[in-house]
Amino acid sequence: MQFEKIIGQKETKEQLVQMVQHNRLSHALLFLGKEGSGALSLAMAFAQYIVCEKVNGKKAALSTPSLFGEASSVCEELSIIKDSCGVCSACIKANQLMHPDIHYSYPVITKKSGEKPISTDFISEWREFFSIHPYGNVYDWLQFIHAENKQGNITAEECNDINRKISLKSFESEYKILIIWMPEYLTKNGNKLLKLIEEPPPNTLFILVAENEGLVLPTILSRTQLVKIPLLTTTEIGVALEIVNGVRIEKAQQIAALSEGNYREALQLLQNVEDDWQLILREWLNMLVKKNLAGQVKWIEDISKQGREKQKQFLKYFTHLLEQAIRLKSIPSLVKNAETANGEQDFALRLNKLCSIPQQEAIINELDKANYYIERNANGKMLFHALSIKLYHIISNNSLILIN
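Residues numbered from 1 in each chain as written. Predicted model: local features only at pLDDT ≥ 70, side-chain atom pairs only at ≥ 80, totals over all residues. Heavy atoms only, no water.

Undergrad: Please provide a residue-by-residue account of the overall build of the protein chain, values included.
TA: Tallying secondary structure elements over the protein chain gives 19 helices and five strands in all. Residue burial in the protein chain is summarised as follows: out of 404 residues, 50% are buried. Nonlocal contacts in the protein chain, meaning residues at least 24 apart in sequence, comprise 77% of its contacts between residues at least 6 apart. Just so you have it, the protein chain exposes about 19,800 Å², and 52% of that area is on carbon and sulfur atoms. (Helix = DSSP H or I, 4+ residues; strand = E, 2+ residues; numbered from the N terminus. Buried < 20%, exposed > 50% of the residue type's maximum accessible area, 1.4 Å probe, protein only. Contact = heavy atoms within 4.5 Å. Areas by Shrake-Rupley, 256 points an atom, 1.4 Å probe, with all protein chains shown as cover.)

Laid out in structure tokens, this is it:
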């Protein structure tokens, strides 16, 4: 994968290139980024950049002796190669996840009782998974390998295999690279890697890709150089949905706003792009305010027939509009500058006329609780009946006792 194929993250890409070009690269890096930020894709692109024949040819020509900090006679005025070429033999192999000097480690499952699985056992599935879901999370991966209720793990046997592979000489590239995805799953097995990470063989690079820093072994954290991967911006996700996925700009902006910087979540929302949440919400609120009980019953019947994911997306969209309404009320200057899709700003302003900020906060609290119960298979009809009653009292009676 090349940097140019990755959504956004311009500053992070430049930081990685500078680390290589100016010999400021640690032997062990921790790419820390939330789900959907593209941390794994960045690690893949970075590994390809390091082994790229064009990049290495350039460095050789400029008399740069090593990746890891020796003095360089590079002239700062010379141009820097900012991405792998994508066409050399090394890039083609790296792009297909088949380069002999780039190794991968990730959570796996036990297929048969008594066996001791390692990542290499699942390499074919791993290549296919990444080609389809470059922004996928660990849940997607475990479902892809049919884990069902089995717990993924990076085993002690995997750590032993890593020690063995890293001890070998490189085959083609000057460098050996190991990408460990989700080191949170190492548990205490990670202690087997401490000496290797602290004192690796020459020209060896570890890239750990994590989502939750708190779940990574502190002994491993202390031995890595942190590279923080920020969440994607709403604009970056919207442009990607429009260009890559062919979504019309209005809907792309709406989905991007709901995804909250998570491109994986945006792709999940895209599956229900045909749903007009704003129209459905308008109908619901009108029936609540006008006390149209028959209409509410029919509306609840319809929404309860939707799947859990659609119900959660609808509630999330309502929360998004309420948060936007609160921002517009708190910062009036945003009204003239807001750029929203499908009349969202107008809808948010109407919500401000309908209820106060404390009321909106109370509604958000109820929507969050409803989402929680939907995830736990609550009955749709009963849930939305109860939610309708609560929202009616919050809106019409200014009743805030339902906050807690």
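Picking up after the structure, the text goes on.
Undergrad: How would you sum up the nonpolar core? Please name residues and give values.
TA: Among the nonpolar cores identified, the biggest contains 123 residues, and Phe31, Phe46, Trp126, Ile179, Trp181 and Phe318 are the most heavily contacted of them. By residue number, the principal contributor to this core is helix H2 (residues 39-51), which donates eleven residues. (Core = buried A, V, L, I, M, F, W, Y, C linked by side-chain atoms within 4.5 Å.)

Undergrad: Give me the lowdown on H2, citing residues and values where you can.
TA: Its 13 residues give H2 an end-to-end C-alpha distance of 19 Å, which sits within 8% of 18 Å, the value for a rise of 1.5 Å per residue. Among the 13 residues in H2, 13 count as buried, and that is most of the element. (Expected span 1.5 Å × (residues − 1).)

Undergrad: Could you give an account of the confidence of the model for the protein chain, with specific residues and numbers?
TA: In the predicted model, the protein chain carries a mean pLDDT of 82, and the fraction of residues at 70 or more is 88%. Predicted confidence in the protein chain is weakest over helix H16 (residues 334-337), with a mean pLDDT of 53, and strongest over strand S2 (residues 102-105), with 93. The low-confidence segment residues 59-65 (pLDDT under 50) makes 14 contacts with residues lying over four places distant or belonging to another chain. Scored below 50 in pLDDT, residues 399-404 shows 15 contacts in the model against residues more than four places distant or in partner chains. (pLDDT = per-residue confidence, 0-100.)

Undergrad: Give a detailed account of the pattern of salt bridges, specifying residues and quantitative values.
TA: Under the criterion given, the structure shown has 13 salt bridges. Here Asp140 ties to Arg264 by a salt bridge, and the two come within 2.6 Å at their closest N and O atoms. Residue Asp140 is located in helix H6 (residues 138-144), and its partner Arg264 is located in helix H12 (residues 263-270); the two are separated by 124 residues in the primary sequence. Judged by relative accessible area, which is 17%, Asp140 ranks as buried. (Salt bridge = Lys/Arg side-chain N within 4 Å of Asp/Glu carboxyl O.)

Undergrad: Please provide a residue-by-residue account of the environment of Leu29, values included.
TA: Its place among the elements puts Leu29 in strand S1 (residues 28-33). Not counting residues within four places of it along the chain, the set of residues in contact with Leu29 comprises Met19, Phe46, Leu205, Phe206, Ile207, Leu208, Thr224, Gln225 and Val227.

Undergrad: Outline the packing of aromatic side chains, listing residues and values.
TA: Using the criterion set out here, one finds 19 aromatic pairs in the structure. Ring plane angle 90 degrees and centroid distance 5.4 Å describe the contact between Trp126 and Trp141, whose orientation is recorded as edge-to-face. Of the two residues, Trp126 is situated in helix H5 (residues 123-132) and Trp141 in helix H6; the sequence distance between them amounts to 15 residues. Exposure remark for Trp126: the relative accessible area of 0% places this residue in the buried category. For Trp141, a relative accessible area of 0% puts it in the buried group. Ring geometry for Phe129 and Trp181: centres 6.3 Å apart, planes at 40 degrees, overall tilted. Residue Phe129 is located in helix H5, and its partner Trp181 is located in strand S3 (residues 176-181); the two are separated by 52 residues in the primary sequence. By relative accessible area, which is 0% here, Phe129 ends up buried. (Phe/Tyr/Trp six-rings, centres within 6.5 Å; stacked < 30°, edge-to-face > 60°.)

Undergrad: Just give me the short version of the pairing of strand S4 (residues 204-210), but keep the residues and values in it.
TA: Counting buried residues in S4 gives seven out of seven residues, a clear majority hidden from the surface. Here S4 shows no split at all, with Thr204, Phe206, Leu208 and Ala210 on one side and Leu205, Ile207 and Val209 on the other all buried. Where S3 and S4 come together, six bridges link them in parallel fashion. Each bridged residue has a counterpart across the sheet, and for Trp181 the counterpart in S4 is Val209. (Pairing = 2+ DSSP bridges.)

Undergrad: If you had to explain the sheet that holds S4 to someone new, which residues and values would you point to?
TA: Strand order across the open sheet formed by five strands is S2-S3-S4-S1-S5, with parallel pairing between neighbours. Lying at the two open borders of the sheet, with one neighbouring strand each, are S2 and strand S5 (225-229). Here the average twist between neighbouring strands, direction ignored, is 20 degrees. Bridge analysis of S1 against S5 gives five bridges, and the strand direction is parallel. Directly across from Leu32, in S5, lies its bridge partner Lys228. Across the sheet, H2 touches S1, S2, S3, S4 and S5, and the angle it forms with S3 is around 175 degrees. (Axes fitted to C-alpha atoms, helices over the stretch in contact; angles between N-to-C directions.)

Undergrad: Provide a residue-level description of the side chain of Gln9, including the pertinent values.
TA: By the element assignment, Gln9 lies in the segment before helix H1 (10-21). Sequence-distant contacts of Gln9, defined by excluding residues within four places in its chain, comprise Ser37, Leu42, Ile229, Pro230, Leu232 and Glu236.

Undergrad: Mind laying out unusual backbone geometry, listing which residues take part and the relevant values?
TA: One non-glycine residue with positive phi stands out, namely Asn203, at about 55 degrees. With respect to the helices and strands, Asn203 occurs in the loop between helix H8 (194-198) and S4.

Undergrad: Outline the state of the cysteines, listing residues and values.
TA: As enumerated under the stated definition, the model contains zero disulfides in all. Of the cysteine sulfurs around Cys85, a residue in no disulfide, the closest is that of Cys88, at 3.5 Å. Residue Cys85 is classed as partly exposed on the basis of its relative accessible area of 22%. Not part of a disulfide, Cys88 finds its nearest cysteine sulfur in Cys91, a span of 3.5 Å. Classification of Cys88 by relative accessible area gives buried; the value is 10%. (Disulfide = S-S within 2.5 Å.)

Undergrad: Which residues make up the packing of H1 against H2, and what are the values?
TA: Running from amino to carboxyl end, H1 crosses H2 at an angle of 30 degrees, the nearest separation of the two axes being 11 Å. Taken as axis vectors, H1 and H2 run roughly parallel relative to one another. For H1 against H2, the interelement crossing comes out right-handed. Judged by residue contacts, Thr12, Lys13, Leu16, Val17, Val20 and Gln21 of H1 engage Leu42, Phe46, Tyr49 and Ile50 from H2. (Parallel < 35°, antiparallel > 145°, perpendicular 65-115°, else oblique. Left-handed = near helix turned anticlockwise from the far one by under 90°.)

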